[in-house]
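Examination of the molecular architecture
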Amino acid sequence: MRILLVNKFIFPKGGAETYTFDVGKMLEEHGHEVQYFGLENEKNTVGNRVGSYVTNMDFSQGIKANLNAPFRIIYSREARKKIRAVLDDFQPDVVHLNNIQYHLTPSIILETNKWRKETKKECKIVYTTHDYQLVCPSHGMFDVNMKSMYLVTKAFVDDMIYKHSGKIINISSMWGVTGGSCEVHYSAAKAAVIGFTKALAKELGPSGICVNCVATGVIETEMNGHLTKEDFDCLCEETPLERLGKPEEIAKTVRFLASENADFITGQVVNVDGGMVI
């Protein structure tokens, strides 16, 4: 299967793209072909065969340097042209969208739909965040966590039920398990992921489909690069294993849950947090 992973950033920046890269590696190890589409940046560590990327907008340069920004965040002709080049060359079976707002814009959804109709290609488009929304304050906590999960499940569940097999693995957080002070909205969204997982596991169990959830602890990514040594050491001290987690440890847990070794595991929340929640 050919899978096109679309993310605003295609270099390690400390956000969701960190997991995207590890999942991409896992897919490749299982025999799938993976390419990436996003913004043009000299830091990019992954990409696509034709080298087609969208020009970045540097908002740090001020308003005058980005006078067309209000129009471009709604519609981008360049984004449509650039992703079309990748679609024509790669011919993906799945286009997985994540974090496309403002820079890539929903224009790429329009172009992908157009490409599917013109080529009659049976390609699934998976919306993982924001859908067609143009205004999304704080990236809409519940959109990112709940709506994205619902849309991904909706895209594939019918085929899974028909085949009477499948694995659905959601990502939550230890704060979804315990709740975090001063992080009520985040904790509530992550707890919703867990509730969705357990309810769906009961509903899809008779169809032979396993649904599980990984609740992550503090993971060592670029997003934590602002921490002082004192803060970093304090987090390690609060963790029984006395260190932070690594992105690949999350990917390995997902790989296990997706394998035949987890065929009799469903409706579970697997804490990968170094013992923070016991």
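Above this text is the structure in question.
Residues numbered from 1 in each chain as written. Predicted model: local features only at pLDDT ≥ 70, side-chain atom pairs only at ≥ 80, totals over all residues. Heavy atoms only, no water.

Let's talk about the packing of aromatic side chains
- In the structure shown here, the tally under the stated rule is two aromatic pairs.
- When the centroid spacing of 6.0 Å and the interplanar angle of 70° are considered together, the rings of Phe-9 and Phe-11 count as edge-to-face.
- According to the relative accessible area criterion, Phe-9 is buried, its value standing at 18%.
- Taken together, a centroid distance of 6.1 Å and an interplanar angle of 70° make the contact between Phe-21 and Tyr-36 edge-to-face. Linking Phe-21 in helix α1 (residues 17-29) with Tyr-36 in strand β2 (residues 33-37), this pair joins segments that are 15 residues apart in sequence.
- Here Tyr-36 falls in the buried class, since its relative accessible area comes to 6%.
- The ring centre of Phe-9 lies 4.7 Å from the NZ or CZ of Lys-13, which sits over that ring.
- Positioned above the aromatic ring of Phe-156, the side-chain terminus of Lys-124 is 5.7 Å from the ring centre. (Phe/Tyr/Trp six-rings, centres within 6.5 Å; stacked < 30°, edge-to-face > 60°. Buried < 20%, exposed > 50% of the residue type's maximum accessible area, 1.4 Å probe, protein only. Helix = DSSP H or I, 4+ residues; strand = E, 2+ residues; numbered from the N terminus. Lys NZ or Arg CZ within 6 Å of the ring centre and 35° of its normal.)

Focus on the state of the cysteines
- The tally for this structure, following the rule as stated, stands at zero disulfides.
- Free of any disulfide, Cys-236 has its nearest cysteine sulfur in Cys-234, 9.3 Å distant.
- Cys-236 gets classed as buried once you look at its relative accessible area, which sits at 11%. (Disulfide = S-S within 2.5 Å.)

Overview of the nonpolar core
- Grouped together as the largest cluster of nonpolar side chains are 19 residues, with contacts concentrated most on Leu-4, Val-6, Phe-37, Val-95, Leu-97 and Ile-108.
- Broken down by secondary-structure element, the contributors of at least two residues to this core are β1 (2-7), α3 (77-90), β3 (94-98) and α4 (107-119).
- Sorting elements by how many residues they give to this core places α3 first, with five residues. (Core = buried A, V, L, I, M, F, W, Y, C linked by side-chain atoms within 4.5 Å.)

Some details on the packing of α1 against helix α9 (residues 247-258)
- Relative to each other, α1 and α9 sit at 45°, their axes nearing to 9 Å. In terms of axis orientation, α1 runs oblique to α9. Considering only the axes of α1 and α9, their crossing is right-handed. The residues of α9 that touch α1, namely those facing Thr-18, Tyr-19, Asp-22, Met-26 and Glu-29, are Pro-247, Glu-248, Ile-250, Ala-251, Val-254 and Arg-255.
- By residue class, the composition of the contact of α1 with α9 is six nonpolar, one polar and four charged. (Axes fitted to C-alpha atoms, helices over the stretch in contact; angles between N-to-C directions. Parallel < 35°, antiparallel > 145°, perpendicular 65-115°, else oblique. Left-handed = near helix turned anticlockwise from the far one by under 90°. Contact = heavy atoms within 4.5 Å. Nonpolar A, V, L, I, M, F, W, Y, C, P; charged D, E, K, R; others polar.)

A closer look at the sheet that holds strand β6 (residues 209-216)
- As summarised here, the arrangement of the three strands in space is β5-β6-β7, forming an open sheet in which the pairing is parallel. The open sheet terminates on both sides in strands that have one partner only, identified here as β5 (166-173) and β7 (269-272). In this sheet, adjacent strand axes meet at a mean angle of 25° when their direction is disregarded.
- Strand direction decides the pairing type here: β5 and β6, joined by eight bridges, are parallel. Residue pairing in the sheet places Ile-168 in a bridge with Val-211 of β6.
- Across the sheet, helix α7 (residues 184-204) lies against β5, β6 and β7, angled at about 160° from β5, the strand it touches most. (Pairing = 2+ DSSP bridges.)

Limitation: the analysis is restricted to geometry and does not speak to function.
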